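Structural features, examined
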Amino acid sequence: MGSSCSSSGYSVEQLDEDVNKKGHKAKSGSSYTSTNGVERKQSSQHQNASPATTVPETKVAPEPVQAAPIPSKPKMKADPSLPSLNNIRENVRPLIYGLINIPLEFQPRVMKIYHSACLTDSVQEREALFREVYPKLRIQCAEQGYELYVSDMRYGVGTEHFKDHSLQKLCKREMKFDCHSFLVLRTFVMFLNEKIGPTVCPPYIPAGQFETLLEGIDVSNDERDLLRRWYLKDENNIPPCYTLQPINMHIENYDDYLKDEETGEWISVAERIIQILRRAMPRDLHDIYLKPVLEEEIIKGVMQNGFSDSLVHVNRTFTDITDSLDQPAVKNYYDLVCGQRDDQGRTKVRELVSVVSNKVTSDNSISLVTPWYESGINPKQNKEHGRYIQELCDKYYSVMGKIIDSAIQQRKEFDIQQGPKGISDRLYDELVHHTLVCNKHTESFHGRQEVLSKFQQYVVQEKGTIHPLVLHGPVGCGASALAAMAVKQCRSFPGWEDCVCVFRFAGTSPESFTLEQVLHSAVTQICFAYGLHLSLASKSIKEYSKLLPKLLEQVKPSRPLLVVLDGLHKLSAPNLDWLPKELPPNVRIILTANAETLSSLKKHLPESSSYIEVPPLTEEESMAILDHVLKVASRTTTSQQREQVRQACKKCPFPVYATMVSQLASMLSSYGPDIAAMLRPTIREQIVTIFESAESKYGNECIGCVFGFITSSRCGLTPAEVNDLLTGDDIVLKFTHCQANANAPPSLFARICCDMEPFLQLTVHQGAILTNWKHDIVREVARARYIPIPEYTKLFFNHMHNYFSGGMAKERLVISQSLKYGDIYNTRKLLELPYHLLQAKGALEMKEQCMCNLDWLCAKVISMGVDHGLADTEMLGNAGQSVSTLQDFLELAAFALDQDVKQLGMQLISRVPDLGKNSQELKRLYDAFMKSKATYLLPTSQCLLSIDQRDNSVHQVSYTPRFGGLYRLKCDVNHIVSLASEQGEIQVWDTIKTEVVRTLKGISQPKDLRIVDDFKAVVLCNRELKVYNLDSGSLESKLKGVLNVKMPYYGMHDSDHAVALSRNRMYVNLMNIHTGDMAATFKVGEDRFLNSLLVSDNGEICVCGDEVQKPFPLLVWDLPNRKLIHDLRIPQHEFLTKMSAITADGHYVVSVCREVDVQAPNFLIVYDLQSGQLFKKWKPDYSTTAVDISSVGQCVVSALADGSIWVWDLVAGACRHALAGHCYPVDKIALSQDGTRCITYDSTGVEGTVKLWDIKNGLCLGVFTPDVPLSCCEISADGEKVFVALGDQEDIVVLQLHSSDGNVKQHTPSVYGDNTLIGKVFDLSAAG
């Protein structure tokens, strides 16, 4: 944390500040990017008028970072050997490079509903909604991947819970949180009937105004004394103000067990204070200080919400009440004065209703009428009230359901507008998280210049051997903040202006709890930054010891690399072999560690120059932390308080301690108790004091439960989860005003978070906003205090297990914990349950229910990645050989399973020999997979690394692909042709035996080929076209002329003629492949250049793109008749002919098209080439990256930038299937001969996965992700096999489709050509 008052994680205000800092504004109704901060500016305009804006909150947004902003589009030096990252969204690239002072976009999936109501009014209505409606709405949200949280600060509580006058402050905080830009939905629900509620005493009044009304207005001494008794001047506030004292300061026994006389005494005092202030204050101040809480809340909610479609008004009208005003229950529903309706209150209600009516849409307004009964609303006793409550629930469910669906739809539209990120959501969220943590550390950093100078010396050193640098010190020394400063300053170091900075703050997110997780995400980021294959990021710790040095050697001088890993001691790493002892010249690694890890590090890195010990804070640095905290809170201290803080920090000179006591000092009034009594000499003792303060306020039982739940959670809890857990705890419920088996009041956790905010952090994971302890040491102290003995530990973990397993939902009003909600996996259950199951039931139960459960494992991998599955196996520890084998398998198959878990069966067969013998658990998984009747692709030869081979494997970082293309033959389904450019080879393969039957070598630079028949091909050799006989291994002819260097496009007209683009791209030439002579020439016109060429399989139609004419046209030739038949154009559009395809019969052509000068996704057009008319036009949400077409299958298949595969019906014109496809965009599609199946893959190697699709029925039939990158793929004519070439391997791989019943289509073997030439190698180097 350095000399910083910040720490890992971020508070509510920090989330808002960081997201809003750059002024991005989102769509109406759904704010997902940052807003322009108008709300914050508006509230600041009233600082002099409203004391509530000047008094200190527990925590407010920190001051802006002073460093100059770094542009979101990094200006990296051009280096052709490095990737440009153009396939990654522009505002995501800075995260890959490691820039921190950038606009950030959150992606939580949280919806919040805020209730605004009187304390006593609408109690039964709100209880009914919590009981009948919200459980269904929570499921509705969960089924679409969102969490619903309902905030009601008055539900289940009484006035005694706000004896410190915190209700207004709490409501403002919750509404502020409600307006946070990262919430998908923020709905403000007003239960506004006939009661406005009492005016409350203002909690703060600026000193100047208070003293003026005391001295300038004629009030009696008794009244003046009453005000002075209840309002004390706080000189520590900026500006000074008079603060209303807690009720129990002057009224004894005013606690949670109230007697009527004590309540009445305060009510009498409060009414008298309000009367005095009303007379004494100028009229214009009444609306500022003398306003009912409900009125202020509704005005703020309606005026500042900004979206009428997320405002809801619930109104109830009683009949037959005129003659019943004297009944006791009436006061809960009406404002009364001396037994009569309060005219002033009635007027305010009418005014508010008028304001609300103008803002709330008619669809969102619920007005109901019900008769009055003496006991008030009582559905159990009165049938009419029961019907009224049921009608309310039905209408409310309908209204809120539509609002939720609309918000989700808007979120989807927003995501579509943003476009694909180009990286996975998991990596994106992790990069955003650590960037926020880094910013939090650096924004309030002070001093430590000596250490920062050593950082610069280490990074810029050019001589000698370079080792990793280790920063170490005791708990709370500030190493994390120093690490963050290294990230912030590295680009100011000479020669490191264009560096990539990869940084992780271990343990601050669920994706950084283990070393495997940290290395996986860090290496993935490095792979993107330097263009390396992503499979390198899915290795075991043992494999990284061999691989990481080779990977770091790929770093170029033009883009050096700084890796910063904070908190090495938080990661359970058995050894440090993965950490390179020496670094390449362009790489630096900075680590932070505590004393326990330091001894292991020194054994691994013995050089003394590799270590920097963090020095204690100086007195000036400690006081700088205090000054920063006070400035943020708009507070100061007395000279005595400041001196006491100074002396305490001298005894414990650590940033964490200085921050804690500074936060404490910021909450002290100038008239309050001596701070010295609250200070303790150590960090741990100071934390205990903080806990004791919370216990005295909320009770030992409540605090013990809340803090115990947070402490025993694996990764933190959402507010909705905490409320559910409290709902299931009878100890907590007995301290509330809730009915039996009702929900716990949301205000309880909200109040505790408000008070404890400096010590809590918020983390976004898988769309959920988790609350956890900010500091590890706070968690340690909490564990020792609230879970001190095994019995307590068992109690908490059993409770958590009961909740996340779904058992609690059978008894209480909490959400059911299904493995899936609809099609959405319950990631919170998947993350938390194994941990609590292990602690509560033991390793065997956890292994049986999770690790050996196919449904569970697949759900875990699909939704969270193999890393989390490995983290679960790591929790099991030494649980036997079978678990060890399971872990080995998951490590080997991690990259493949992360791409698609459908490969599980194939991966098990290929990687685990003697499956049943090695691991019964894996055998059970395999058996369950086979019972699922899933189809899969299985290699016919061993091509994947088995668990027995992993120790002897050779780890390569980069590959030079051997094969440049695979080509199926016209009629022969048992053989395929491969082309190896660098080797100058063409080979014919027997796909049943996976053997080479012909090899033609010595061919000069073969780049591409076109099959003439089963034994003949036209080969592009450099820029020449040559005809080879593949059976006899001979050169038959050379075609005259050469092709264009950059666009050597050609195809086949018939078995005797080839069609090719001329060298100058102004002609299309028809050439005789036997004589090599020109048979015909097609000229477009003067100064017109062609940029593409497509020839139908029947050879009758040729389509070319013209890049000169504006807009770019498509030119269509009838090859048999040698004439141009169509010149196809669309005004203001251009064809992207690199992504186009033509049907085999030449009937249709499909091309990607885009609007000129319009920033929008491209789209698809289909032309009927017989008529020349535009036949179909499709505009999917994202741009197309690849396309193919089949007239036999009557479909067009397109790949989109989000990785999905779309199948369009060529006849009906509709989308036949939208298939969740790849993790990254693909650029290759190949169709089977009948157009019913296809393969899709990414030839650039980013994803490294090929998928086989049944496009007729919209099914994924099989997936294959090899250990090394794919170089090229082809599908067999019947769609039963897939042929792939891998990296620099000499053999192709044949993948056979296995049906759901395990059967394989058998192909009758056949001999290729002359039987006597099987396996023959022909050297054609002398043939020319």
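Attention here is on the structure that accompanies the text. Predicted model, so just to flag it, every value in this text is computed and none were measured.

As for the overall build of the chain
- The helix and strand tally for the chain stands at 37 helices and 52 strands.
- Relative to a compact globule of 1328 residues, whose C-alpha radius of gyration would be 34 Å, the chain shows 36 Å and is just as compact.
- Its C-alpha atoms give the chain principal-axis dimensions of about 120 × 75 × 65 Å.
- Looking at the chain alone, contacts between residues at least 24 apart form 65% of all its contacts between residues at least 6 apart.

A closer look at the sheet that holds strand β46 (residues 1237–1241)
- Here we have four strands laid out as an open sheet, ordered β45-β46-β47-β48, and antiparallel in their pairing. Each edge of the sheet is formed by a strand with only one pairing partner; in this case those strands are β45 (1228–1231) and β48 (1259–1264). The average undirected angle you get between the axes of adjacent strands in this sheet is 20°.

A short note on the state of the cysteines
- Tallied over the full model, the rule gives zero disulfides.
- Looking at cysteine 477, it has no disulfide partner, and the nearest cysteine sulfur is the one in cysteine 652, 12 Å off.
- Considering cysteine sulfurs only, cysteine 649 is the nearest to cysteine 652, which forms no disulfide, with 7.9 Å between them.

Concerning the packing of aromatic side chains
- The full count for this structure, using the stated rule, is 29 aromatic pairs.
- Taken together, a centroid distance of 6.3 Å and an interplanar angle of 65° make the contact between phenylalanine 503 and phenylalanine 505 edge-to-face.
- Looking at phenylalanine 503, the relative accessible area reads 4%, which means it is buried.
- Seen in terms of ring centroids, tryptophan 1206 and tryptophan 1208 are 5.4 Å apart; in terms of plane orientation they differ by 25°. Their pairing is stacked.
- According to the relative accessible area criterion, tryptophan 1208 is buried, its value standing at 5%.
- Here the guanidinium or amino end of lysine 602 rests over the ring plane of tyrosine 611, the centre of that ring lying 5.6 Å away.
- In this arrangement the basic side chain of arginine 962 is found over the ring face of phenylalanine 963, its NZ or CZ atom lying 5.5 Å from the centre.

Quick notes on the side chain of arginine 911
- Secondary-structure assignment places arginine 911 in helix α35 (residues 904–911).
- Under the relative-accessibility criterion, arginine 911 is labelled buried at 1%.
- For arginine 911, the side chain forms a polar contact with the side chain of glutamine 907, separated by 2.4 Å.
- Within polar-contact distance, the side chain of arginine 911 engages the side chain of aspartate 1267 at 2.6 Å.

Some words on a negative patch on the surface
- Taken together, the side chains of Asp320, Asp323, Asp326 and Glu374 define an acidic patch exposed on the protein surface.
- Relative accessible area serves as the criterion here: at 67%, aspartate 326 is assigned to the exposed category.

Cut-offs and rules
- Residues numbered from 1 in each chain as written.
- Predicted model: local features only at pLDDT ≥ 70, side-chain atom pairs only at ≥ 80, totals over all residues.
- Heavy atoms only, no water.
- Helix = DSSP H or I, 4+ residues; strand = E, 2+ residues; numbered from the N terminus.
- Rg over C-alpha atoms; globule rule 2.2 N^0.38 Å.
- Contact = heavy atoms within 4.5 Å.
- Pairing = 2+ DSSP bridges.
- Axes fitted to C-alpha atoms, helices over the stretch in contact; angles between N-to-C directions.
- Disulfide = S-S within 2.5 Å.
- Phe/Tyr/Trp six-rings, centres within 6.5 Å; stacked < 30°, edge-to-face > 60°.
- Buried < 20%, exposed > 50% of the residue type's maximum accessible area, 1.4 Å probe, protein only.
- Lys NZ or Arg CZ within 6 Å of the ring centre and 35° of its normal.
- Polar contact = N/O pair within 3.5 Å; in protein donor to acceptor, adjacent residues only side chain to side chain.
- Patch = residues over 30% accessible without salt bridge, like charges linked within 9 Å, V, L, I, M, F, W, Y side chains within 5 Å.
- Areas by Shrake-Rupley, 256 points an atom, 1.4 Å probe, with all protein chains shown as cover.
- Salt bridge = Lys/Arg side-chain N within 4 Å of Asp/Glu carboxyl O.
- Lys, Arg positive; Asp, Glu negative; His and termini not counted.
- Charge placed at Lys NZ, Arg CZ, Asp CG, Glu CD.

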